[in-house]
Amino acid sequence: MKMKNKSFFTVLFICLLLVSCQNNKQVHFIKADELVFDTDFKPSFFNSGRFYDKKNHQEFIYFADVRTFKELKIFTLEGVLKYKISLKDAILGNYINRLILVDLDTIILTTNYNYLNRIFFLNKEGSCWKEIFLDTIITTPINDEFEIDVSRYGNVINDNILYLHYDRLFLKNELAPTNKYECEKYVNNNRYSAPYFLAFNIKDNNNRLGADSLYYKFTDINHYGPGSANYCFINNKLFVFSSYSNKILIINPNTLQLEKEFYVKSAYTSLRNTFLKVGSDSTYEYHNVILQTKANIKKIEYDKVNDLYYVITLHEVSENAKIRGPHRAFSIHIYDKDFKKLNEQYFEANTYDPNNFIITSKGILIENSSNKKEYDSVKKVKFSVFKISK
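These figures come from a predicted structure and were not determined experimentally. Sequence order sets the numbering: in each chain, residues are counted from 1 along the sequence as written. Given that the model is predicted, a residue must reach a pLDDT of at least 70 before its local features are reported, and side-chain atom pairs must reach 80 or more before they are shown or counted; all residues, however, enter totals for whole chains, interfaces and linings. The side-chain figures draw on all heavy atoms in the structure; neither hydrogens nor water molecules are used.

1. Structural notes on the side chain of Ser331
Working step 1: Secondary structure follows DSSP: runs of H or I at least 4 residues long count as helices, runs of E at least 2 residues long count as strands, and numbering of each begins at the N terminus. For Ser331, the location among the structural elements is in strand E23 (residues 330-335).
Working step 2: Buried residues are those whose accessible area, probed at 1.4 Å on protein chains only, stays under 20% of the maximum for their type, while exposed residues exceed 50% and partly exposed ones sit between those limits. Judged by relative accessible area, which is 0%, Ser331 ranks as buried.
Working step 3: Nitrogen and oxygen atoms within 3.5 Å of one another constitute a polar contact, given that in protein one can donate a hydrogen and the other can accept it, and given that sequence-neighbouring residues count only through two side-chain atoms. A polar atom in the side chain of Ser331 sits 2.8 Å from the side chain of Glu344.
Working step 4: Contacts: residue pairs with any heavy atoms within 4.5 Å of one another. Discounting chain neighbours no more than four positions away, the residues touching Ser331 are Ser266, Tyr268, Val311, Ile312, Thr313, His315, Glu344, Gln345 and Tyr346.

What follows is the structure in structure tokens.
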């Protein structure tokens, strides 16, 4: 009888151990391969990404340089150059802040306020076939002096609707308070109470404003922080975040109304609100220090194959740290389709640049970290390819 009881408890222990191991098994990234793209230039992360050619049913990776070389290069997933397109027809004399690749004959280049909020459309030959002056088309409140901006953090277009950020600068024919403290609050209120989104149809120019007072979901009139156009369109939702907050807002793209909000928490760093108090005498340089050293949300992506969301957060470092900016340690937070957190995976500093995070059918590409000297010697962009283990 004693022998039977001992056998029973042994089997029970093994079963419990197996169940425990199964429960502790977490979704995580596993490095599977490396890819190299011979770009001849160092591409910015916001002008790089995945492109699917619906006409030819092919998947590509693209990189653009809108400053020096002024060209777009499109590669196969094996790293073979397929297309090289000059952007000089649109860039000459204009400040371009984002390239959006819709298809080979709809390459969108956006400018900022200083260049009259213009949008250029190019084809695969590099010819500019359309130009839009948003100032003369969009319907805005009559007293608004505004700037149109576009996010650098992921996809911003869906079914011909280009989601732009509407940034109210001030109200015309109104004098701001002369007191510095009251003036800052006045500017904040104008900006925070304005619509956040401009949904612009690139086919017929129809447009609408929405998501009024969205800034107030992050902070209040007594606090501020520059760097506003942080959003992306993924999986039929608009995600809005801030470099000064650990909150993510989910917006319905059809109504431009808030649907859900949640906070990102880390086991490795302190993600928190870092908006500055009005009247704190901070400088632009100090804001840059905050962005380079404080923990913040950097990017949100959706993995259609695995039905998972990824939120990338940079870890906090001291203001005197040698490794700052995107090369510091970071985490990838993994969420299921209902935004239930499944895991947070830690990545060491100076190993990858999570800004360049591209999801493909072959896996998830994260750019290998390299300093300028290393890059200049080879003129290539190197990625590690990760798979998801469940």
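There's plenty left to go through after this.
2. Let's talk about the sheet that holds strand E27 (residues 381-389)
Working step 1: Pairing between strands is defined by DSSP: at least two bridges between them are needed. Spatial strand order, E1-E27-E26-E25: 4 strands in an open sheet with antiparallel pairing. Every interior strand has two partners, whereas the edge strands, strand E1 (28-37) and strand E25 (352-360), have only one. Averaged over all adjacent pairs, the angle separating strand axes in this sheet is 30°, with direction ignored.
Working step 2: Here E25 pairs with strand E26 (residues 363-368) via 6 bridges, running antiparallel. Along E26, the bridge assignment pairs Ile358 with Leu365. Helix axes use the C-alpha atoms of the stretch in contact, all axes being lines fitted to C-alpha atoms, and the angles between their N-to-C directions lie in the range 0 to 180 degrees.

3. Focus: the pattern of salt bridges
Working step 1: Any carboxyl oxygen of Asp or Glu within 4 Å of a side-chain nitrogen of Lys or Arg constitutes a salt bridge here. One pass over the structure, following the stated rule, counts 17 salt bridges.
Working step 2: Between Glu261 and Lys247 there is a salt bridge whose closest N-O contact spans 3.4 Å. Taken as a pair, Glu261 in strand E19 (residues 257-263) and Lys247 in strand E18 (residues 247-252) lie far apart in primary sequence, 14 residues in all.
Working step 3: With a relative accessible area of 9%, Lys247 lands in the buried category.
Working step 4: Residues joined in a network through salt bridges with shared partners are Asp40, Glu71 and Lys73.

4. A short note on the confidence of the model for the protein chain
Working step 1: As a per-residue measure, pLDDT reflects the predictor's confidence and takes values from 0 up to 100. Model confidence for the protein chain is summarised by a mean pLDDT of 88, while 88% of its residues fall at 70 or above.
Working step 2: The low-confidence segment residues 11-24, where pLDDT is below 50, has 0 contacts with residues more than four positions distant or belonging to other chains.

5. What to know about helix H3 (residues 180-192)
Working step 1: Relative to the 18 Å expected for 13 residues at 1.5 Å per residue, H3 spans 18 Å between its end C-alpha atoms, a close match to the ideal helical length.
Working step 2: The elements touched by buried residues of H3 are strand E12 (161-171) and strand E15 (223-224).
Working step 3: Near the N-terminus of H3, the side chain that reaches the backbone nitrogen of Tyr181, with its oxygen 3.0 Å away, is that of Asn179. One less than the number of residues in a helix, times 1.5 Å, gives the span that helix is expected to have.

6. Digging into the side chain of Asn343
Working step 1: Within the fold, Asn343 resides in strand E24 (residues 341-347).
Working step 2: Taking the relative accessible area as the measure of exposure, Asn343 reaches 11% and is therefore buried.
Working step 3: Within the local environment of Asn343, its side chain forms a polar contact with the backbone oxygen of Val27, the two atoms lying 2.8 Å apart.
Working step 4: Not counting the four nearest positions on each side in its chain, Asn343 is found in contact with Gln26, Val27, His28, Ile332, His333 and Ile334.

7. Here we look at the packing of aromatic side chains
Working step 1: In this analysis, rings of Phe, Tyr and Trp, with Trp reduced to its six-membered ring, are considered paired at centre separations within 6.5 Å, and the interplanar angle assigns stacked below 30 degrees, edge-to-face beyond 60, and tilted for intermediate values. Enumeration according to the criterion identifies 38 aromatic pairs in this entry.
Working step 2: Their ring planes at 70° and their centres at 4.8 Å tell us that Tyr196 and Phe197 sit as a pair that is edge-to-face.
Working step 3: Take Tyr196: its relative accessible area is 3%, and that puts it in the buried class.
Working step 4: Taking relative accessible area as the criterion, Phe197 reaches 0% and is therefore assigned buried.
Working step 5: Ring plane angle 50° and centroid distance 5.6 Å describe the contact between Phe239 and Tyr309, whose orientation is recorded as tilted. Here Phe239 is found in strand E17 (residues 237-241), whereas its partner Tyr309 is found in strand E22 (residues 308-314), with 70 residues between them in sequence. The pair Phe239 / Tyr309 is uniform in exposure class, with both members buried.
Working step 6: Ring pairs connect the aromatic residues Tyr163, Tyr192, Tyr196, Phe197, Tyr215, Tyr216, Tyr231 and Phe233, which therefore count as one cluster.
Working step 7: In this structure, Lys130 packs its charged tip against the face of Phe121, placed 5.1 Å from the ring centre.
Working step 8: Between Arg152 and the ring centre of Phe46, over which it is positioned, the NZ or CZ distance is 4.2 Å. Lysine and arginine charges are scored as sitting over a ring when NZ or CZ, respectively, is within 6 Å of the ring centre and within 35 degrees of the ring normal.

8. Some points on the pairing of E19
Side chains on a regular strand alternate between the two faces of the sheet.
Working step 1: Relative to E19, E18 runs antiparallel, the two being bridged by 6 bridges. If you follow Ile251 over to E19, its bridge partner there is Leu258.
Working step 2: With antiparallel pairing between neighbouring strands as the criterion, E18 and E19 make up a hairpin whose turn holds 4 residues, including Leu256 at a positive phi of roughly 55°.

9. Looking at unusual backbone geometry
Working step 1: Positive phi is not limited to glycine here, since Asp159 has a value of about 50°.
Working step 2: Residue classification places Asp159 among the exposed residues on the basis of a relative accessible area of 64%.
Working step 3: The backbone phi angle of Asn160 is positive, close to 75°, even though this residue is not glycine.
Working step 4: Given a relative accessible area of 31%, Asn160 falls into the partly exposed group.

10. Describing the pairing of strand E9 (residues 128-133)
Working step 1: The pairing of strand E8 (residues 118-122) with E9 spans 5 bridges and is antiparallel. Bridge pairing in E9 links Ile119 to Ile132.
Working step 2: Between E8 and E9, which pair antiparallel in sequence order, lie 5 residues; one of them, Gly126, sits at a positive phi of approximately 85°.

11. Considering the sheet that holds E24
Working step 1: Strand order in the open sheet made by the 4 strands is E21-E22-E23-E24, with antiparallel pairing throughout. If you trace the sheet from one side to the other, it starts and ends with strand E21 (296-303) and E24, each paired once. This sheet shows a mean twist of 20° between the axes of neighbouring strands, independent of strand direction.
Working step 2: In the sheet, E23 pairs with E24 via 6 bridges, with the strands oriented antiparallel.

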